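# Residue-level structural notes
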Amino acid sequence: MIYVTGQRLQPPHIRMASFDRRCRGLDPSQVHDYLDRVADELERLRRELTTANTEAERIRQALRQWQSRHSDCRHRQPGAANGRWPR
């Protein structure tokens, strides 16, 4: 099996993994079935991470917009100088 240092592990790397054969080694079909499950899980986690990152960026942008719209509200409101809103 060849592994390049510094290269991120991708599902295709797992699926294409090969191992040296030994006289009393592991069952190759079981190894490849397990590696397929690991690759599937890695793909699922990458999709979830992408979704989470996209949502986090959307929330950050919405927060920035909200902060921009409301940044000067404190300065325009009477009574805001003491940090309290008027009742």
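This write-up is about the structure you can find in this document. Note that the structure is predicted; figures quoted are calculated from it, not measured.

### Here we look at the pattern of salt bridges
- All chains considered together, the criterion is met by 8 salt bridges.
- As a salt-bridge pair, Glu48 and Arg44 come within 2.3 Å of each other at their nearest N and O atoms. Of the two residues, Glu48 and Arg44 both sit in helix H2 (residues 28–70), 4 residues apart, roughly one turn of that helix.
- The class of Arg44 is partly exposed, set by a relative accessible area of 31%.
- Between Arg64 and Glu57 there is a salt bridge; the shortest N-O distance is 3.9 Å.
- Owing to a relative accessible area of 44%, Arg64 belongs among the partly exposed residues under this scheme.
- Here Glu57 falls in the partly exposed class, since its relative accessible area comes to 28%.
- Shared partners join several salt bridges into a network, and the residues in it are Arg15, Asp36, Asp40 and Glu43.

### Some details on the nonpolar core
- By size, the foremost hydrophobic cluster in this structure holds 6 residues: Ile14, Ala17, Val31, Leu35, Ala39 and Leu42.
- Counting residues per element, this core draws most heavily on H2, which supplies 4 residues.
- Not counting residues within four places of it along the chain, the set of residues in contact with Ala39 comprises Pro11, Ile14 and Arg15.

Rules used in this analysis
- Residues numbered from 1 in each chain as written.
- Predicted model: local features only at pLDDT ≥ 70, side-chain atom pairs only at ≥ 80, totals over all residues.
- Heavy atoms only, no water.
- Salt bridge = Lys/Arg side-chain N within 4 Å of Asp/Glu carboxyl O.
- Helix = DSSP H or I, 4+ residues; strand = E, 2+ residues; numbered from the N terminus.
- Buried < 20%, exposed > 50% of the residue type's maximum accessible area, 1.4 Å probe, protein only.
- Core = buried A, V, L, I, M, F, W, Y, C linked by side-chain atoms within 4.5 Å.
- Contact = heavy atoms within 4.5 Å.

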